[in-house]
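Understanding the architecture of this molecule
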Amino acid sequence: MCDCSPQSMDLKTPRNVYLTAFYKRSFAHHTVKNRMPVILTQVIDGLARNKEEIANAHGEEGQNDLKSVIGELSKLKYEIQTNKSLRKIVSDAPDVKFYNDYITGQSDKDGNVTFFSVIWLLSECYMYRRIREAFEVTNTLKNYDPFLKQKRDSHFQALPVMAKLAQYLIEVLEKSDEPKKEDFIHLLKINLWGNKCDLSLSNGEMTSNTDDLFNLESLEPNILCDHSEKVWMAVSGAQSSAIIDIVLDNSGYELFTDLCIADYLTTKKLASKIRFYVKTIPWFISDVMATDFRWTIDHLRMNVDEYLRQVGIKWFNYVANGTWVVIEDNFWTLPVDFSYMRDVKPELYKELAKATLVIFKGDLNYRKLFGEKNWDPTTPIDEALQNFNPTKLCTLRTIKADIVCGLPQGLAEKMEAITEKWMETGDYGLIQFSEKIVSV
Ligand code: F6P
Ligand code: MG
């Protein structure tokens, strides 16, 4: 197998350039070389395990489709491991033209766009888009979600701590009518640490002990930038008719913590509407799709635990009466950062501008917010946003990729001295806020 050394350099990513697997000592390189092929192997194994179920549901045509999907995914794994050029996506889905034009635009002088030379965001998004393509071109497996079981398992595994959190939320909401800064910030931090539970870093395993993520005191020193007071000011200073948007990340425990903060904002009348943005296709293993959102609330409202049932019923009603809205948009699964939104999806930018605050969840959204560049860690947040300023925004992210901005002088160096891998583990978190607004 190719170790891709002719195309890679034994360097760390230099400052202010795009992250790419080209630099051997980067997390991008480790991801493309090791993590992505493992994720594909797991998808293939999962499909092979479901062979009988698929045959029972779809007969011979289903079996043939399954074979073709497995064949396509094996090919994709080979293409990554041998550093082939990214081929065009072949389907009639609405995002395909953008993908293909963008791939063409990234070609080098020989017309190649290889996995180890392109911007990491493109190579990684492209893999998930190709996984989708393998299914969408079939007749019987068009809507098959290869990550469904992992998403559901992580939800089930987190139920005990979700029940504790539901009880806590109910008590906080009943304690007084007035919103309280301490309660809001507590829930915001619970929400931040929920992002440790993405399944893509852990190759689909639920590794974090969710109980620990509820114990905020011990995690406090791990928040490297904490703008929670500013987030509170933005939220509490707004009118009660405010719209707050949450660009969701992962299903399971993290989604539950998103719903808890949304409940706080709604019940305390800090917002009249919450809009949740979800992915339209299976994405980075655990990302929330509309079906996952609905399934989660349905499962909670029928749960045997009285606290889970209580919040589940309440949340179901918020969705039913339009206080909570789930919005699908394929912009979130394009292989580009958010500075492209104004041109590519101006209507989405304008919608976000209607919100008082947009909360961006997770690591991938962070990479997209800040342009997938290896910034000097002290680069001001507003500079790193590069003209993505639809409204006030906040990011809640546990650090799982080597990109960071907005840190005080010397902190990154201090972290580096503690552990070289501080940006790859999800052990450290950021709550960052920007109030710069530039309308279209
Ligand atoms: O694989 C790239 C990456 O951004 C990782 O760094 C992270 O583990 C994962 O994707 C997704 O994280 P999140 O669910 O927080 O966006
Ligand atoms: Mg995710």
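Residues numbered from 1 in each chain as written. Chains lettered and ligands numbered in written order. Predicted model: local features only at pLDDT ≥ 70, side-chain atom pairs only at ≥ 80, totals over all residues. Heavy atoms only, no water.

Considering the packing of helix H10 (residues 253-267) against helix H12 (residues 306-320)
Rules: Where helices are involved, their axes are fitted lines through C-alpha atoms of the stretch in contact, as for all axes, and angles between N-to-C directions lie from 0 to 180°. Secondary structure is summarised from DSSP: a helix means a run of H or I of at least four residues, a strand means a run of E of at least two, and numbering begins at the N terminus for each. By the definition adopted for this analysis, an angle is roughly parallel if under 35 degrees, roughly antiparallel if over 145, roughly perpendicular if from 65 to 115, and oblique otherwise. Two helices that cross are described as forming a left-handed crossing if the nearer one is turned anticlockwise from the farther one by less than a right angle, and a right-handed crossing if clockwise. Here, two residues are considered to be in contact whenever any of their heavy atoms come within 4.5 Å of each other. We call Asp, Glu, Lys and Arg charged. Ala, Val, Leu, Ile, Met, Phe, Trp, Tyr, Cys and Pro are nonpolar, and the rest, Gly among them, are polar.
Relative orientation of the contacting elements H10 and H12 amounts to 65°, with a least axis distance of 11 Å. Considering the angle they form, H10 stands roughly perpendicular to H12. Helix-helix and strand crossings are classified by hand; for H10 and H12 the assignment is left-handed. Contacts from Phe256, Leu259, Cys260, Asp263, Thr266 and Thr267 of H10 reach H12 at Leu308, Val311, Lys314, Trp315 and Tyr318. Of the residues that constitute the contact of H10 with H12, the class distribution is seven nonpolar, two polar and two charged.

Some words on the sheet that holds strand E3 (residues 273-278)
Stated formally: Here a strand pair is declared whenever DSSP counts at least two bridges between the two strands.
The seven strands are arranged E1-E7-E6-E5-E2-E3-E4 in an open sheet whose pairing can be described as mixed. If you trace the sheet from one side to the other, it starts and ends with strand E1 (223-226) and strand E4 (324-328), each paired once. In this sheet, adjacent strand axes meet at a mean angle of 15° when their direction is disregarded. Pairing of strand E2 (residues 243-247) with E3 involves five bridges; the strand directions are parallel.

Let's talk about the coordination of the magnesium ion (ligand 2)
Keep this limit in mind: Each metal site is built from N, O and S donor atoms within 2.8 Å (3.2 Å for Na, K and Ca), and since water is not included, such sites may look incomplete. Buried means the residue's accessible area, taken with a 1.4 Å probe over protein chains only, is under 20% of the maximum for its type, while exposed means over 50%, and partly exposed covers the values in between.
The coordination sphere of the magnesium ion (ligand 2), as far as protein atoms go, consists of Asp249 (OD), Asn250 (OD1) and Asp287 (OD), spread over 2.1 to 2.2 Å. Counting residues between consecutive donors of the magnesium ion (ligand 2) along the chain gives the motif D-N-x36-D. Of this pair, Asp249 sits in the loop between E2 and H10 while Asp287 is found in the loop between E3 and helix H11 (290-301), placing the two residues 38 residues apart along the sequence. Summarising the burial analysis for this pair, Asp249 and Asp287 share the class buried.

Observations regarding the nonpolar core
Note the cut-off: Buried Ala, Val, Leu, Ile, Met, Phe, Trp, Tyr and Cys residues form a nonpolar core when they are joined through side-chain atoms within 4.5 Å. Residue ranges for the domains originate in an automatic or database domain assignment.
In terms of nonpolar packing, the biggest core is built from 87 residues, with Trp332, Phe370, Phe388 and Trp422 touching the most fellow members. Looking at this core element by element, the count peaks at ten residues for helix H4 (residues 120-136). Both domain 1 (5-136) and domain 2 (148-434) contribute no fewer than three residues apiece to this core.

Focus on the pattern of salt bridges
Selection rule: Any Lys or Arg side-chain nitrogen found within 4 Å of a carboxyl oxygen on Asp or Glu counts as a salt bridge.
Applying the stated criterion across every chain yields a total of 34 salt bridges. Measuring nitrogen to oxygen at the nearest pair gives 3.5 Å for the salt bridge that ties Glu72 to Arg87. Here Arg87 lies in the loop between helix H2 (51-81) and helix H3 (96-105) and Glu72 lies in helix H2, a separation of 15 residues in the sequence. Assessed through its relative accessible area of 22%, Glu72 is described here as partly exposed. Between Asp292 and Arg152 there is a salt bridge, with its nearest N and O atoms 3.0 Å apart. Here Asp292 is found in helix H11, whereas its partner Arg152 is found in helix H5 (residues 148-157), with 140 residues between them in sequence. Under the relative-accessibility criterion, Arg152 is labelled buried at 12%. Each of Glu72, Lys75, Glu79, Arg87, Arg130 and Glu133 takes part in a single network of salt bridges with overlapping partners.

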